[in-house]
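Close look at the chain arrangement
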Amino acid sequence: MIIEKIAESNFNDSVFDSKVFGKNFSDHMLIAHYKDGKWDEPKIMPYGPISVTPAAMSFHYGQTIFEGMKAYKNEDEEVFIFRPEKNFERFNKSAVRLNMPEVPAEIFLDGVKAIVDLDRQWVPKDYGTSLYLRPVMFATEEAVSARSSNEYIFCILLAFAPSYYEKPLSVKIADFYSRAAQGGVGSAKCGGNYAASFFPTSEAQKDGYDQVIWTDSIEHKFIEEAGTMNVMVRIGNKLLTAPTSERILNGVTRDSVLALAKDNGIDVEIRPISVEEMYEAYKSGELKEVFGCGTAVVVSTYNAIGFGDERAELAPLSDEESFATQLKKKLKDIQYGIAEDPYGWRVKIEETVNA
């Protein structure tokens, strides 16, 4: 790992007062180039613009993948990241699906640890805030022919992350637009998945909703994801979520929440959930909670569900009654080094660069 130049720090702790997610970037970034069939030595350098041609193939053919991770700091100034090996594994699965080169562990995992260590002052201590880590890879070969690129850049950026979606959201169930189709790239974390979701989301917002619950692309009968998150449904005292597939992202937060739920005595079922089943549960009073989970938001509760033209308002639950609230706190306490971590999920970033 080459640290090319230590940047003069732009850090000011007033950045921690920001309420804007992902706009305040730290001092450094990591860059590695892929060319002639191999990766070069990754370099950490001051954060800033990079030069690419408008003929870079990612602009034309969409070979762009990324991950979302976070760094946390406790009251003792210790810095942690959360389950980085899962993000590394998923990043390379995305790379394979988009016919891009896999990134070695010594670039991805060692790179994440090195840059977080260097910019550790950017990791906030306030509970609920964090430093967001964005590993990204995109095609850079100068060509406008429809094929896979032969050149790529892998980069890691860091940005301050305030608390996200503090208020409950309202979501509308999609009955026309789809996020992903069988055999497609729904399980890959690629840019096109998100771009295609923006228009249906804006249409739902015109109807007074914050986000969309995506359904299967064939019949729109089964629940799949919620916005940019995995979705969980509580009917009675049972927690349900759809199985991962080629259409559904295998979320790190999803996996963690399910493990915590099972180990805390919650009845969990991983199976298809139909829109009809949800609606019937709502009418009978058995639909207790619906919530999304993902890296940026951790857990986001929903207070209204749009079934066609009907807006179903969910009764609020106390913190003691809510599975979502309980699981969110248990997960965050592990991430922030407050609670014991029996799973080995929390990875401490040793201080070496500035030692």
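Residues numbered from 1 in each chain as written. Predicted model: local features only at pLDDT ≥ 70, side-chain atom pairs only at ≥ 80, totals over all residues. Heavy atoms only, no water.

1. Here's the deal with the packing of aromatic side chains
- For the structure on display, the rule yields 22 aromatic pairs.
- Aromatic side chains Phe11 and Trp122 sit 5.3 Å apart centroid to centroid with 70° between the ring planes, which places their arrangement in the edge-to-face category. Of the two residues, Phe11 sits in the loop between β1 (2-3) and β2 (28-35) while Trp122 sits in the loop between α3 (105-118) and β8 (130-139), which places them 111 residues apart along the sequence.
- Trp122 gets classed as buried once you look at its relative accessible area, which sits at 3%.
- Pairing Phe25 with Tyr47 gives two aromatic rings, centres 5.0 Å apart and planes at 10°, and the pair type is stacked. Of the two residues, Phe25 is situated in the loop between β1 and β2 and Tyr47 in the loop between β4 (43-46) and α1 (57-61); the sequence distance between them amounts to 22 residues.
- The class for Phe25 is partly exposed, based on a relative accessible area of 29%.
- Through a chain of ring-to-ring contacts, three or more aromatic side chains come together here, namely Tyr34, Trp39, Phe88, Phe91, Phe108, Tyr152 and Phe154.
- A cation sits over an aromatic face here: Arg311 above Tyr209, 4.9 Å from the ring centre. (Phe/Tyr/Trp six-rings, centres within 6.5 Å; stacked < 30°, edge-to-face > 60°. Helix = DSSP H or I, 4+ residues; strand = E, 2+ residues; numbered from the N terminus. Buried < 20%, exposed > 50% of the residue type's maximum accessible area, 1.4 Å probe, protein only. Lys NZ or Arg CZ within 6 Å of the ring centre and 35° of its normal.)

2. Things to note about the packing of helix α5 (residues 252-263) against helix α7 (residues 323-335)
- Close contact between α5 and α7 brings their axes to 10 Å; oriented N to C, the two are set at 110°. Comparing their axes, α7 and α5 come out roughly perpendicular. Crossing of α5 over α7 shows right-handed handedness. Contact residues: Thr253, Ser256, Val257, Leu260 and Ala261 in α5; Leu327, Lys330, Leu331 and Ile334 in α7.
- Grouping the constituent residues of the contact of α5 with α7 by class yields six nonpolar, two polar and one charged. (Axes fitted to C-alpha atoms, helices over the stretch in contact; angles between N-to-C directions. Parallel < 35°, antiparallel > 145°, perpendicular 65-115°, else oblique. Left-handed = near helix turned anticlockwise from the far one by under 90°. Contact = heavy atoms within 4.5 Å. Nonpolar A, V, L, I, M, F, W, Y, C, P; charged D, E, K, R; others polar.)

3. A few points about the pairing of strand β12 (residues 223-226)
- As paired elements, strand β11 (residues 211-215) and β12 share three bridges and run antiparallel to each other. Looking at β12, one finds that Thr215 is bridged to Ile223.
- As paired elements, β12 and strand β13 (residues 229-235) share two bridges and run antiparallel to each other. Counted as the bridge partner of Glu225 is Asn230 from β13.
- In this antiparallel pair of consecutive strands, β12 and β13, the connection spans two residues, and Gly227 shows a positive phi of 60°. (Pairing = 2+ DSSP bridges.)

4. Some thoughts on the pattern of salt bridges
- Summed over the entire model, instances satisfying the criterion amount to 22 salt bridges.
- Residues Lys348 and Glu78 are paired through a salt bridge, measuring 3.0 Å at the closest nitrogen-oxygen approach. Of the two residues, Lys348 sits in strand β19 (residues 346-348) while Glu78 sits in the loop between β6 (69-73) and β7 (79-82), which places them 270 residues apart along the sequence.
- For Lys348, a relative accessible area of 38% corresponds to the partly exposed category.
- Measuring nitrogen to oxygen at the nearest pair gives 2.7 Å for the salt bridge that ties Glu277 to Arg271.
- We classify Glu277 as partly exposed; its relative accessible area is 26%. (Salt bridge = Lys/Arg side-chain N within 4 Å of Asp/Glu carboxyl O.)

5. Considerations on unusual backbone geometry
- Residue Asp36 is not a glycine yet carries a positive backbone phi of 55°.
- When you line up the elements, Asp36 lands in the loop between β2 and β3 (38-39).

6. Details of the pairing of β8
- β8 sits mainly inside the fold: nine of its 10 residues count as buried.
- Looking at chain direction, strand β5 (residues 64-66) and β8 are connected through three bridges and run antiparallel. Its bridge partner lying in β8, Phe66 is registered against Val136.
- Here β6 pairs with β8 via three bridges, running antiparallel. Bridge pairing in β8 links Met69 to Leu133.
- Judged from the 10 bridges that link them, β8 and strand β9 (residues 152-161) form a sheet pairing that is antiparallel.

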